[in-house]
Number of protein chains: 2
Amino acid sequence: MREVTVAATQMACGWDVQANIKVADQLVREAASQGAQIILLQELFERVYFCQEQHADYYKFATSADENPAIAHFTSVAKELGVVLPVSFYERAGNALFNSIVVIDADGHRSSIYRKSHIPDGPGYSEKFYFSPGDTGFMVFDTRFGRIGVAICWDQWFPEGARIMALKGAEILFYPTAIGSEPHDASINSRDHWQRTQMGHSAANLVPMVVSNRIGKEVVGNSNITFYGSSFITDGFGAKLKEADDHSPGVIVQTLDLDACNNNRLAWGVFRDRRPDLYGPLLSKDGGRD
Amino acid sequence: MREVTVAATQMACGWDVQANIKVADQLVREAASQGAQIILLQELFERVYFCQEQHADYYKFATSADENPAIAHFTSVAKELGVVLPVSFYERAGNALFNSIVVIDADGHRSSIYRKSHIPDGPGYSEKFYFSPGDTGFMVFDTRFGRIGVAICWDQWFPEGARIMALKGAEILFYPTAIGSEPHDASINSRDHWQRTQMGHSAANLVPMVVSNRIGKEVVGNSNITFYGSSFITDGFGAKLKEADDHSPGVIVQTLDLDACNNNRLAWGVFRDRRPDLYGPLLSKDGGRD
C-alpha cells in the first residue's frame, strides 16, 4: 500500500504580493502539519485575478521563474518541510507571456515549466489578452511522492488534457484555478458544472484529482468577480472525498492509496480497450478530418 | 426555442426474442404517449445478455440488419408513431460479428450502421469473444428531430467517443447499455462511477445525454449478473434531469431545448479554445508519441 497525503488550499488575494505569499505560506504549513506531502496552491495567488479587465500595464507582473518571488519563497519552504509544491505564476519568456506552473519537489528541485494550454476569453476572464496559449503540451512530473499531472484552470474543462496526463502515467491530477461569478450575467453559477466536468475526468481516467480555487470578491476597474472556492479532492472513481465551502480560507487534506488506484485503473480495462486508430477526429476543430 | 422530447426505456430480458420485442414495443408506445420523439431502447434487448460466458453456439444470434426481427418490427413502429428509434442488435457481416446499432428515423428510414468501437472483456462481460472492435468510427445521425450521436455501452466510458460525436455536431448523445454487478467480486458496484463518467462527458461537451440500461438478474451457465438499471437523462451541463431506479421496468421522458443547449455550448467557449495541435498523444496507447 503506497499512501500519499495531498492537500488543496484556498484563500482570498489582494494586490500586495508579499502579503499573499505570507497567507499561502501559512496554509502550506497548516496542510503539512496535517500530514500533507503534495500541497496545491491556487492559480496566480500572488495577486488579485487581474485578467478581469485589459490593461497593458499589468504585463509588468510577468517574470521568469528565476525572478519570481513566490517560486523563490516556496522553493525554500518545500525543502524545509519536505513537501511537493506546484507553484503557479505569470511567466515572461522574452516577448512571450504565459500562464505557467513549476513543480517544486520535496528537495527543492524545480521541474521544467508547464504552460497553460487552453486560454479562456470572456467577460471578466480576459486571459487571451494576457497569455499566449502554452507551447509545452501536457506534462507529468516525477516527484518524491509519485508521478503527478498538473494543468491550469481552463485546462480543467478539457477531457483531452486529463486523458493525456493519465496516458503519460499521472497517478494524481492537480488543477489550480481561479473561477467564480460571471460579471455579465449574475444568473450563471458554473460551480456544479465545473465540478461535474472534472469529476468526469477523474472517473473516466480512474485517477484521483486535487483542485484548488480562490475565494473572495475582487474588484478590478469596472468589473467584479466573486470566486466560489469549493476546492475539492476526488478518489480514483471521481467521487468527492473532501470539499471546501465557497467562502472560507483553509486547507482540505486527504490520504490516497496510489497502489489501490493503480490496480483499479488496470482492472477496469479502459486503457486496454482504447481505440487510437479511431481518434483522429480529435485532432480537428470540427471532427471533420480523420 | 427548438424543443425535443427524449426518452429512455429499461426492461428485463429473457431468452424469447419475440417476448422481449413485445415488451420493448409496449415501452416505446408508453414513451410516445408521453410525447417522446426520440426513444432509446437498451443494448441487445432481443435476449439475455449472453456474453456472460463464452459459447460459440451463441454466434448464431448474429444477423444482418435486413434479417433482424427487432429492426423489422421497429421500422414499422417508428413510421407508425413518427418517432426516432436507435435499435441495438448483434450484427453478422460475412465472417465478422459486431455489436451494432441502426437509427430508424421517424419516417422509417434506416441509417447506416454504427459498430461499437470499444469492446470490454472481464468476468461476466466476455465481449471480445463475441464482437470484433467496430470499424466505423464514431457517428452522428441526422434525424427528423435533430442531429444525434449514438454509441454503445462500453463506449460510454471513453471521453474520446463523446468528444468526437460532439465535434461532429451531435446535439444529444445516446448510449444503450447492459451493465450491472461483477460476477467475480460482489463488493463492486460501478453504478455511481458509471453515471459520473458519463455526466462528465455531458458536462465537458455541453451536450445532453440519454442512457438506457437493462434491469433484472440473469443467469447464464455458471455466471449471473444483476443489471442495475438507473437509466438517466442529463441536461446540457451534465446534471441529471431524470433517473430510473435499479429494478423497475418503465420509461423516463424529458423535454430538452436544443437551441438553448447550442447557445450555452458556444457561449462557454471550450470548443473555440481546444488545442488539437497538442492532442497528438491521444493517438497513442501510452501517451508517448506525438
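Attention here is on the structure that accompanies the text. (Residues numbered from 1 in each chain as written. Chains lettered and ligands numbered in written order. Predicted model: local features only at pLDDT ≥ 70, side-chain atom pairs only at ≥ 80, totals over all residues. Heavy atoms only, no water.)

## Some thoughts on the sheet that holds strand 5 (residues 114–115) of chain B
Residue and element names in this part refer to chain B. Heads up, the rule is: Pairing between strands is defined by DSSP: at least two bridges between them are needed. Helical segments are the DSSP runs of H or I of at least four residues, strand segments are the runs of E of at least two, and each set is numbered from the N terminus. Any pair of residues with heavy atoms lying within 4.5 Å of one another is described as a contacting pair. Axis definition: a line fit to C-alpha positions, over the contact stretch in the case of helices; interaxial angles, taken between N-to-C directions, run 0 to 180 degrees.
Read across the open sheet, the 3 strands follow the order 3-4-5; overall the sheet is antiparallel. Looking at which strands have only one partner, the edges of the open sheet turn out to be strand 3 (85–93) and strand 5. Of the pairings in the sheet, the one linking strand 4 (residues 96–104) to strand 5 comprises 2 bridges and is antiparallel in character. Residue Ile101 lies in a different strand from strand 5, and its bridge partner there is Tyr114. Its contacts with the sheet put helix 2 (residues 69–81) on strand 3 and strand 4, and the angle it makes with strand 3 is roughly 155°.

## Quick word on the state of the cysteines
Residue and element names in this part refer to chain B. Definition in use: Two cysteine sulfur atoms form a disulfide, by the criterion used here, when they sit within 2.5 Å. Buried, partly exposed and exposed residues are distinguished by accessible area as a fraction of the type maximum, computed with a 1.4 Å probe on protein chains only: under 20%, between the cut-offs, and over 50%, respectively.
Applying the stated criterion across every chain, the model contains 0 disulfides over all chains. The thiol of Cys13 is unpaired, and the distance to the nearest cysteine sulfur, on Cys51, comes to 12 Å. Judged by relative accessible area, Cys13 falls into the buried class, the value being 10%. The cysteine Cys51 is free of any disulfide, with Cys153 supplying the nearest cysteine sulfur at 9.2 Å. On the basis of relative accessible area, Cys51 is assigned to the buried category, the value being 0%.

## Here's the deal with the sheet that holds strand 2 (residues 38–40) of chain A
All names here are of chain A. Here 3 strands make up an open sheet; going across it, the order is 2-1-14 and the pairing mixed. If you trace the sheet from one side to the other, it starts and ends with strand 2 and strand 14 (250–257), each paired once. Going from strand to strand, the sheet's axes swing by 20° on average, the running direction of each strand aside. The pairing of strand 1 (residues 3–10) with strand 14 spans 8 bridges and is antiparallel. Each residue of the ladder has a partner; that of Ala7, found in strand 14, is Val253. Here helix 1 (residues 17–33) sits on the sheet in contact with strand 1, strand 2 and strand 14, set at roughly 40° to strand 14.

## Let's talk about the pattern of salt bridges
We count it as follows: Each salt bridge in this description consists of a side-chain nitrogen of Lys or Arg and a carboxyl oxygen of Asp or Glu lying within 4 Å of one another.
Tallying each qualifying case throughout the model produces 40 salt bridges over all chains. For B:Asp259, the salt bridge goes to B:Arg2, with nearest N and O atoms at 3.6 Å. Of this pair, B:Asp259 sits in helix 5 (residues 258–268) while B:Arg2 sits in the segment before strand 1 (3–10), and the two are 257 residues apart along the sequence. Residue classification places B:Arg2 among the partly exposed positions, given a relative accessible area of 30%. A salt bridge links B:Glu80 to B:Arg29, with the nearest nitrogen and oxygen atoms 2.9 Å apart. Separated by 51 residues along the polypeptide, B:Glu80 in helix 2 and B:Arg29 in helix 1 (residues 17–33) bring together distant segments of the chain. Judged by its relative accessible area of 30%, B:Arg29 is partly exposed. Through salt bridges with shared partners, one network takes in A:Arg191, A:Asp192, A:Lys240 and A:Glu243.

## Considering the packing of aromatic side chains
We count it as follows: Centres within 6.5 Å make a pair out of two Phe, Tyr or Trp rings, where for Trp the six-membered ring is used; the pair is then stacked when the planes are under 30 degrees apart, edge-to-face when over 60, and tilted otherwise. By the criterion adopted, a ring carries a charge over it if an Arg CZ or a Lys NZ lies within 6 Å of its centre and within 35 degrees of its normal.
Evaluation of the coordinates by the stated rule reveals 48 aromatic pairs over all chains. Judged by centre distance (4.9 Å) and plane angle (85°), the rings of B:Phe129 and B:Tyr130 are edge-to-face. Residue B:Phe129 is classed as partly exposed on the basis of its relative accessible area, which comes to 25%. Feature note: the residues A:Trp15, A:Phe50, A:Tyr58, A:Tyr59, A:Phe61, A:Tyr90, A:Phe129, A:Tyr130 and A:Phe131 constitute an aromatic cluster, connected by ring pairs. Cation over ring: B:Arg163 sits above B:Phe271, and NZ or CZ is 5.0 Å from the ring centre.

## Some details on the packing of helix 1 of chain B against helix 2 of chain B
The relative placement of two packed helices comes down to the angle between their axes together with the axis-to-axis distance. Residues and elements named next belong to chain B. This is how the line gets drawn: Oblique is the label for any angle not covered by the other classes, which are roughly parallel (under 35 degrees), roughly antiparallel (over 145) and roughly perpendicular (65 to 115). We call a crossing left-handed when the near helix sits turned anticlockwise from the far one by less than a right angle, and right-handed when that turn is clockwise. Note on residue classes: Ala, Val, Leu, Ile, Met, Phe, Trp, Tyr, Cys and Pro are nonpolar, Asp, Glu, Lys and Arg are charged, and everything else, Gly too, is polar.
For the pair helix 1 and helix 2, the least separation of the axes is 11 Å and the interaxial angle reads 20°. Considered as vectors, helix 1 and helix 2 are oriented roughly parallel to each other. The way helix 1 lies across helix 2 gives a crossing that is right-handed. Residues Val17, Gln18, Ile21, Ala24, Asp25, Val28, Arg29 and Ala32 of helix 1 pack against Pro69, Ala70, His73, Phe74, Val77, Glu80 and Leu81 of helix 2. Within the contact of helix 1 with helix 2, the residues separate by chemical class into 10 nonpolar, 2 polar and 3 charged.

## Describing the relation of the copies chain A and chain B
Keep this limit in mind: In this comparison the copies share one frame, found by least squares on the C-alpha atoms of residues holding pLDDT of at least 70 in both.
Once turned by 180° and shifted 0.0 Å along the axis, chain A lies on chain B with an RMSD of 0.0 Å. The superposition of one copy onto the other is thereby described by a two-fold rotation axis. Using C-alpha coordinates, one finds that chain A approaches the rotation axis most closely at A:Gly200, a distance of 1.9 Å. Of the interface residues in chain A, 100% have counterparts in chain B that sit at the interface too, so the contact is made through matching surfaces.

## Thoughts on the interface of chain A and chain B
The interface is formed by 51 residues belonging to chain A together with 51 residues belonging to chain B. Scanning the region where chain A abuts chain B turns up 6 salt bridges. Notably, a salt bridge pairs B:Asp273 with A:Lys128, separated by 2.6 Å at the nearest N-O pair. Those elements giving two or more residues to the side of chain A that touches chain B turn out to be helix 4 (159–167) and helix 5 (191–205) of chain A. Considering each element in turn, the side of chain A that touches chain B owes the most residues, 7 residues, to helix 5 of chain A.

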